[in-house]
Amino acid sequence: MMHKHKTVAEEHLLSIREVIDVLSVPRHTIHQWIEKGTLIPVRMAGALRFRPEDVRALFEREGNGGSGGRILVIDDDPLVGKSLKNLLETNGYEAQVASLGLAALDFASRERFDLIVTDIRMPGMNGTETLKAIRRIRSLSGKPPLPEIVITAFEDGAVKEEVQRLGVSDFILKPFEIEELLTALERNLKPGR
């Protein structure tokens, strides 16, 4: 019986989905690592695959950040909320949507989040009032403030000034490029940001 040497094609290579699961990072982070040469893919039958030892080395260098992050989305438009939730989950994040400021306060007091994405103009409490209230809740329970991203369709100088005074992490105007939001999320969820 003849023994043959294992070729790269015969090794167990990981798919992008498996790398996302192992490293707990969003899909676009994998693509950025590929572009930078941080993670080198092997193309097999038209699909990208990765050597387990390369993924293990990257895991050790980057550390295990858990999931992509748990995000509280606050938007009174159900379609926008659902779209943002789908976008975030497709890219490796967990998302909870609140349609009003009061619902967001309830979630923020009961659940753990790593970041908040909020609209500004909403009925009842607007986005900045909601952020201030969430900060108070977190402060009273001894928790540090979360990174916050404001998304709005209204290019209002007074709103932008208020958001800057609050020290909100990012301000994004609608309509926005998906990559702009994903980059802001990654920047604000980096350990030790």
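Throughout what follows, the structure given in this document is the object of discussion.

Conventions adopted
By convention here, each chain's residues receive numbers from 1 onward along its written sequence. Totals for whole chains, interfaces and linings use all residues, but because this is a predicted model, local features are given only for residues with pLDDT of at least 70 and pairs of side-chain atoms are given and counted only at 80 or more. Side-chain metrics rest on all non-hydrogen atoms present in the structure, leaving aside hydrogens and water. Strands are runs of DSSP state E lasting at least 2 residues, helices are runs of H or I lasting at least 4, and numbering of each runs from the N terminus. We call a residue buried when its accessible area falls under 20% of the maximum for its residue type, exposed when it is over 50%, and partly exposed in between, using a 1.4 Å probe and counting protein chains only. For two strands to count as paired, DSSP must find a minimum of two bridges between them. Here, the term right-handed applies to a crossover whose path from the first strand over the helix to the second runs clockwise when the strands point away from the viewer. Axis lines are fitted to C-alpha atoms, over the contacting stretch for helices. Their N-to-C directions set the angle, which ranges from 0 to 180 degrees. Residues are treated as being in contact if the distance between any of their heavy atoms lies within 4.5 Å. Salt bridges are defined as contacts in which a side-chain nitrogen from Lys or Arg sits within 4 Å of a carboxyl oxygen from Asp or Glu. Each nonpolar core is a collection of buried residues, namely Ala, Val, Leu, Ile, Met, Phe, Trp, Tyr and Cys, held together in the definition by side-chain atoms within 4.5 Å.

1. Comments concerning unusual backbone geometry
Part 1 of the reasoning: With an omega dihedral of -10°, the bond running from K174 to P175 counts as a cis peptide bond.
Part 2 of the reasoning: Tracing the backbone through its elements, the reader meets P175 in the loop between β8 (170-173) and α8 (178-189).
Part 3 of the reasoning: Even without glycine at this site, A45 takes up a positive phi of about 50°.
Part 4 of the reasoning: Relative to the helices and strands, A45 is located in the loop between β2 (42-44) and β3 (47-50).

2. Quick notes on the pairing of strand β4 (residues 70-74)
Part 1 of the reasoning: The buried count for β4 comes to five of five residues, which makes it a mostly enclosed element.
Part 2 of the reasoning: The alternating pattern of β4 places R70, L72 and I74 on one face and I71 and V73 on the opposite face, and all of these are buried.
Part 3 of the reasoning: In the sheet, β4 pairs with strand β5 (residues 94-98) via five bridges, with the strands oriented parallel. Bridging across to β5, I71 finds its partner in A95.
Part 4 of the reasoning: Between the parallel elements β4 and β5, the chain passes through helix α4 (residues 78-90) in a crossover that is right-handed.
Part 5 of the reasoning: In the sheet, β4 pairs with strand β6 (residues 115-118) via four bridges, with the strands oriented parallel. Across the sheet, L72 pairs through a bridge with I116, a residue of β6.

3. Focus: the pairing of β8
Part 1 of the reasoning: Burial along β8 is one-sided: D170 and I172 are buried, while F171 and L173, pointing the other way, are not.
Part 2 of the reasoning: Sheet topology places strand β7 (residues 148-152) next to β8; four bridges connect them, and they run parallel. By the bridge assignment, V150 is partnered in β8 with F171.

4. Considering the sheet that holds β8
Part 1 of the reasoning: The strand order across the open sheet built from five strands is β5-β4-β6-β7-β8, with neighbouring strands paired in parallel fashion. Both edges of this open sheet fall to β5 and β8, since each of them pairs with a single strand only. Adjacent strand axes in the sheet meet at a mean angle of 20° when their direction is disregarded.
Part 2 of the reasoning: Along the sheet, helix α6 (residues 127-140) contacts β4, β6 and β7; its crossing angle with β6, the most-contacted strand, is approximately 160°.

5. What about the pattern of salt bridges?
Part 1 of the reasoning: Evaluated as defined, the whole model comprises twelve salt bridges.
Part 2 of the reasoning: Two residues, R70 and E94, come together in a salt bridge whose shortest N-O distance is 3.7 Å. Residue R70 is found in strand β4, and its partner E94 is found in strand β5; the two are separated by 24 residues along the sequence.
Part 3 of the reasoning: When its relative accessible area of 15% is taken as the criterion, R70 is described as buried.
Part 4 of the reasoning: Each of R51, E53 and D54 takes part in one network of salt bridges that share partners.

6. Remarks on the nonpolar core
Part 1 of the reasoning: Residues L72, I74, I116 and I134 are the most contacted members of the largest nonpolar core, which totals 21 residues.
Part 2 of the reasoning: Those elements that place two or more of their residues in this core are β4, α5 (101-110), α6 and α7 (157-166).
Part 3 of the reasoning: When residues in this core are grouped by element, the largest group, four residues, is from α5.
Part 4 of the reasoning: Excluding its chain neighbours within four sequence positions, the residues that come into contact with L72 are Q96, A98, A104, F107, A108, F113, L115, I116, V117 and I134.

7. Notes on the side chain of E148
Part 1 of the reasoning: The topology assignment puts E148 in strand β7.
Part 2 of the reasoning: Ignoring anything within four residues of it in the chain, the contact list for E148 reads I116, L131, R135, V168, S169 and D170.

8. Re the sheet that holds β2
Part 1 of the reasoning: The antiparallel open sheet is built from three strands, whose spatial order is β1-β3-β2. The strands lining the two open edges of the sheet, one partner per strand, are β1 (14-15) and β2.
Part 2 of the reasoning: Strand direction decides the pairing type here: β1 and β3, joined by two bridges, are antiparallel. Note on β3: the bridge partner recorded for L14 is F50.

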